[in-house]
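Okay, here's what each chain looks like letter by letter:
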Amino acid sequence: MSKPVDSQPRPVRVRFAPSPTGYLHVGGARTALYNFLFARHHKGTFVLRIEDTDQARSTEESLKMVLEDLRWLGIQWDEGPDSQTRQDHGPFGPYRQSQRLEIYKKHAQTLLRTGRAYYCFLTDEELEAQRAKATAENRQPHVVSPYADWTLAQAQEKIDSGGKAVVRFKTKGLEKDYTFRDLIRGEITFPSDMVGDFVLLRSDGMPVYNFCCAVDDAEMRISHVFRAEEHLSNTLRQLMIYEGLGYSPPEFGHLSLVLDEDRQKLSKRKGATSCHEFMREGYHPEALKNFITLLGWSHPEGKEIFTETEAVQCFDGTRLNPAGAVFDGTKLKWMNAQWLRSLSDEDLIRLANKFNPGWFKGVQNPERFAAYLKNYLETLNDIPELLEIFNTEGFSVTPEARTFLDTHPCKPVIAAWISALSDPSVGDFLTVEKFTAIQELIKNQTGVKGKPLFLSLRIAILGKTEGADLKMIIGLFSVQSLLRRAQALGL
RNA sequence: GUCCCCAUCGUCUAGAGGCCUAGGACAUUGCCUUUUCAAGGCAGUAACCGGGGUUCGAAUCCCCGUGGGGACGCCA
């Protein structure tokens with residue numbers, strides 16, 4: 001085992017390295033979050049690096065979306081592109097791989113010079129033929145390049161005469177096994193012949209993921225790498241690159257995958273999987289964060305609902321679960337409701353207004369609706385429907401309610417209700433006390449009590465036989481609108 | 001196919017050899033509360049993938065199976 005022993009403690013520097021190819025995925029959000037939490041816990045630095053070497057798929061628009069999603073979640077980075085201007089800040093820039101090409105080239109040269117890499121002129125067809133043959137013969141489909149032992153001069157000559165070359169890492173002559181201690185999985189050993197000579201630089205000079213990743217993590221002094229399990233086997237290549245370059249590797253921690261209901265890797269094809277969708281559906285960012293944190297990590301005290309600050313306090317890189325976690329939207333919804341309910345009236349309305357300024361437009365003192373909303377809310381998107389009961393123009397009577405009206409002694413109750421509301425002394429809005437007194441009055445006047453009394457009033461107010469506690473909402477209706485509703489019953 | 005990783009209620013998980021008659025949360029069922037619906041409270045159903053070891057003792061350690069996932073790209 002040749003891994004250089006690096007005993008001096010390094011300052012904690014972690015990174016999240018998304019490739020900007022769409023909205024931030026919940027899996028990516030979790031990776032970002034864990035790194036962020038870990039950095040904060042250790043008072044370290046959280047770096048955002050953009051892996052945009054795949055020019056075909058990476059777009060500036062996507063980068064903008066990813067940055068926005070991270071910001072929405074409140075995951076802040078210390079180095080990387082600014083969330084607004086997208087200009088790099090930090091001492092280890094640039095932070096976009098597409099702007100670090102010279103750095104990769106330089107490192108590739110080093111590897112070339114020291115004989116740990118070589119120019120390879122194999123064409124796609126030759127590669128394909130090799131692969132097919134290997135598969136047919138039941139061998140590992142590794143590249144066997146006839147150019148592996150060419151001298152640089154030989155290669156240069158061919159390049160000068162127009163030869164297209166990739167730079168491949170030479171795996172020949174490496175040790176048999178590579179072992180490292182994964183922060184989450186413990187000791188892991190890969191046989192070095194698990195991989196063939198892999199590409200470092202494409203023929204157009206663009207570097208390939210494993211190469212930039214290793215180079216950047218080393219150059220940016222990254223101390224700990226928490227990333228998804230799908231990268232586990234990439235670690236071997238990266239270890240080889242570290243070794244070839246004489247760097248000591250960071251600590252690695254491979255996170256379990258986030259899975260869908262069918263225990264498949266969460267894919268964009270099935271349901272909501274991007275943070276952006278949850279934002280649009282009216283989730284509180286803190287709730288989503290809380291939920292995602294628990295997808296593969298557990299609070300030492302078993303807490304389920306906790307703030308980011310609390311999470312930072314205990315997130316030290318332990319308690320991470322190596323097994324895959326199914327994303328349960330139902331539990332997320334529950335958690336969101338918990339968070340929304342715990343908000344102060346002012347905060348809830350502020351959040352709702354930020355989410356959709358139209359809902360409370362022209363409504364005076366919208367906080368008075370908060371108590372009622374909190375009782376029924378799961379996501380912010382539920383608000384318009386919950387508010388709909390206050391829309392007097394839309395007042396209508398359900399068939400069940402109509403049947404009840406027709407089959408019970410409701411008429412005198414409604415008449416008494418209308419007459420009570422018509423009394424000028426009731427004011428513009430009813431208080432709970434006033435409402436209770438009126439109920440009492442109606443009971444005495446009409447002799448109707450119990451269900452027919454209460455349900456009649458409920459129908460006169462809501463047009464339905466079910467719904468929110470009348471005492472909770474009665475003060476939210478103007479007496480005028482109550483009157484209009486009662487009259488609309490047509491009794 | 002080869003290599004690597006993983007495996008506790010339906011789901012998220014606790015559990016680092018005896019505290020496990022396996023705990024909590026979501027979901028689900030019932031009851032209470034509320035003259036409605038929710039919310040809330042209480043109670044219930046529900047799991048250590050299988051087989052071998054090691055040990056006085058195994059959910060926990062080891063091996064073998066099985067199942068799932070990942071990687072084997074000029075994707076990341």
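Residues numbered from 1 in each chain as written. Chains lettered and ligands numbered in written order. Predicted model: local features only at pLDDT ≥ 70, side-chain atom pairs only at ≥ 80, totals over all residues. Heavy atoms only, no water.

1. Structural notes on the overall build of chain A
Link 1 in the chain: Scanning chain A for helices and strands turns up 20 helices and 13 strands.
Link 2 in the chain: C-alpha extents for chain A along the principal axes are approximately 110 × 50 × 40 Å.
Link 3 in the chain: The burial tally for chain A puts 48% of its 491 residues in the buried class.
Link 4 in the chain: Considering only contacts in chain A between residues 6 or more positions apart, those separated by 24 or more positions represent 74%.
Link 5 in the chain: When the accessible surface of chain A is totalled, it reaches about 23,400 Å², and 50% of it is carbon and sulfur. (Helix = DSSP H or I, 4+ residues; strand = E, 2+ residues; numbered from the N terminus. Buried < 20%, exposed > 50% of the residue type's maximum accessible area, 1.4 Å probe, protein only. Contact = heavy atoms within 4.5 Å. Areas by Shrake-Rupley, 256 points an atom, 1.4 Å probe, with all protein chains shown as cover.)

2. Topic: helix α20 (residues 479-488)
Link 1 in the chain: Taken together, the buried positions of α20 are occupied by Val479, Ser481, Leu482, Leu483, Arg485 and Ala486.
Link 2 in the chain: Looking at the packing, one finds that the buried side of α20 touches α16 (411-422) and α18 (451-462).

3. Regarding the protein's contact with RNA strand B
Link 1 in the chain: In the vicinity of RNA strand B lie 64 residues, with Arg185, Arg202, Tyr376, Phe454 and Gly467 positioned nearest.
Link 2 in the chain: Close to the protein, within 4 Å, the atoms of RNA strand B belong to sugar or phosphate groups at a rate of 70%.
Link 3 in the chain: Contact distances for RNA strand B include 3.2 Å between a sugar or linking oxygen and a side-chain N or O atom of serine 19.
Link 4 in the chain: Note that a phosphate oxygen of RNA strand B is positioned 3.4 Å from one of the side-chain N or O atoms of arginine 319.
Link 5 in the chain: Looking at the surface near RNA strand B, the elements that each hand over two or more residues are β6 (166-169), β8 (186-191), α7 (234-245), β13 (325-326), α11 (329-342), α13 (370-376) and α18. (Near = heavy atom within 4 Å. Polar contact = N/O pair within 3.5 Å; in protein donor to acceptor, adjacent residues only side chain to side chain.)

4. Describing the environment of serine 422
Link 1 in the chain: Relative to the helices and strands, serine 422 resides in helix α16.
Link 2 in the chain: The class of serine 422 is partly exposed, set by a relative accessible area of 42%.
Link 3 in the chain: Of note is the side chain of serine 422, whose polar atom sits 2.6 Å from the backbone oxygen of isoleucine 418.

5. Observations concerning the nonpolar core
Link 1 in the chain: Counting 55 residues, the largest nonpolar core has Trp417, Leu430 and Ile473 as its most contacted members.
Link 2 in the chain: Viewed by domain, this core spans two of them, domain 3 (345-384) and domain 4 (392-488), each represented by three or more residues. (Core = buried A, V, L, I, M, F, W, Y, C linked by side-chain atoms within 4.5 Å. Domains from an automatic or database assignment.)

6. Regarding the packing of aromatic side chains
Link 1 in the chain: Counted by the stated rule, this structure contains 22 aromatic pairs.
Link 2 in the chain: Between phenylalanine 169 and phenylalanine 198, the aromatic rings sit 5.2 Å apart at their centres with planes inclined by 15°, giving stacked as the arrangement. Here phenylalanine 198 lies in the loop between β8 and β9 (199-201) and phenylalanine 169 lies in strand β6, a separation of 29 residues in the sequence. Each of the two residues, phenylalanine 169 as well as phenylalanine 198, counts as buried.
Link 3 in the chain: Geometrically, the ring pair formed by tryptophan 297 and phenylalanine 315 is tilted, given 5.2 Å between the ring centres and 40° between the ring planes. Of this pair, tryptophan 297 sits in the loop between α9 (285-293) and α10 (308-314) while phenylalanine 315 sits in the loop between α10 and β13, and the two are 18 residues apart along the sequence.
Link 4 in the chain: Tryptophan 297 gets classed as buried once you look at its relative accessible area, which sits at 3%.
Link 5 in the chain: Given the relative accessible area of 0%, phenylalanine 315 is considered buried.
Link 6 in the chain: In this structure an aromatic cluster arises from ring pairing among Phe360, Phe369, Tyr372, Tyr376, Phe390 and Phe477.
Link 7 in the chain: Seen from the ring of phenylalanine 121, lysine 158 lies directly overhead, with NZ or CZ sitting 5.3 Å from the centre.
Link 8 in the chain: It is arginine 237 that lies over the ring of phenylalanine 198; its NZ or CZ is 5.6 Å from the centre. (Phe/Tyr/Trp six-rings, centres within 6.5 Å; stacked < 30°, edge-to-face > 60°. Lys NZ or Arg CZ within 6 Å of the ring centre and 35° of its normal.)

7. Quick notes on the packing of α9 against α11
For any two helices packed against each other, the geometry is given by the interaxial angle and the distance between the axes.
Link 1 in the chain: Two numbers describe how α9 lies on α11: the axes approach to 9 Å, and their chain directions differ by 135°. By the angle class used here, α9 and α11 are oblique. Along this stretch, α9 crosses α11, giving a crossing that reads as right-handed. Two secondary-structure elements touch here, α9 through Glu286, Ala287, Leu288, Asn290 and Phe291 and α11 through Lys331, Leu332, Met335, Asn336 and Trp339.
Link 2 in the chain: Broken down by class, the residue content of the contact of α9 with α11 amounts to six nonpolar, two polar and two charged. (Axes fitted to C-alpha atoms, helices over the stretch in contact; angles between N-to-C directions. Parallel < 35°, antiparallel > 145°, perpendicular 65-115°, else oblique. Left-handed = near helix turned anticlockwise from the far one by under 90°. Nonpolar A, V, L, I, M, F, W, Y, C, P; charged D, E, K, R; others polar.)

8. Brief notes about unusual backbone geometry
Link 1 in the chain: One non-glycine residue, lysine 43, lies in the positive phi region at around 55°.
Link 2 in the chain: Lysine 43 sits in the exposed class, given a relative accessible area of 75%.

9. Concerning the sheet that holds strand β5 (residues 117-120)
Link 1 in the chain: Strand order in this open sheet of three strands is β5-β6-β9, and the pairing throughout is antiparallel. Because the sheet does not close on itself, it has two edges, and the strands there are β5 and β9. Strand-to-strand twist of the sheet, defined as the mean angle between neighbouring strand axes without regard to direction, takes the value 40°.
Link 2 in the chain: Here four bridges tie β5 to β6, and the two strands are oriented antiparallel to one another. Its bridge partner being in β6, tyrosine 118 is matched across the sheet by arginine 168.
Link 3 in the chain: On top of the sheet, helix α3 (residues 101-113) reaches β5, β6 and β9; it is set at about 100° to β5, its chief contact. (Pairing = 2+ DSSP bridges.)

10. Examining the pairing of strand β2 (residues 45-48)
Consecutive residues of a regular strand have side chains that alternate between opposite faces of the sheet.
Link 1 in the chain: In this structure, strand β1 (residues 13-16) lies alongside β2, joined through four bridges in parallel fashion. Residue pairing in the sheet places arginine 15 in a bridge with valine 47 of β2.
Link 2 in the chain: On the question of chirality, the crossover connecting β1 to the parallel β2 by way of helix α1 (residues 26-41) is right-handed. (Right-handed = clockwise from strand over helix to strand, strands pointing away.)

11. Some words on α7
Link 1 in the chain: Between the first and last C-alpha of α7 there are 17 Å, a value that for twelve residues agrees with the 16 Å anticipated at 1.5 Å per step.
Link 2 in the chain: Listed in full, the buried residues belonging to α7 are Asn234, Thr235, Leu236, Gln238, Leu239, Met240, Ile241, Tyr242, Gly244 and Leu245.
Link 3 in the chain: Just past α7, the residue glycine 246 takes up positive phi, approximately 80°. (Expected span 1.5 Å × (residues − 1).)

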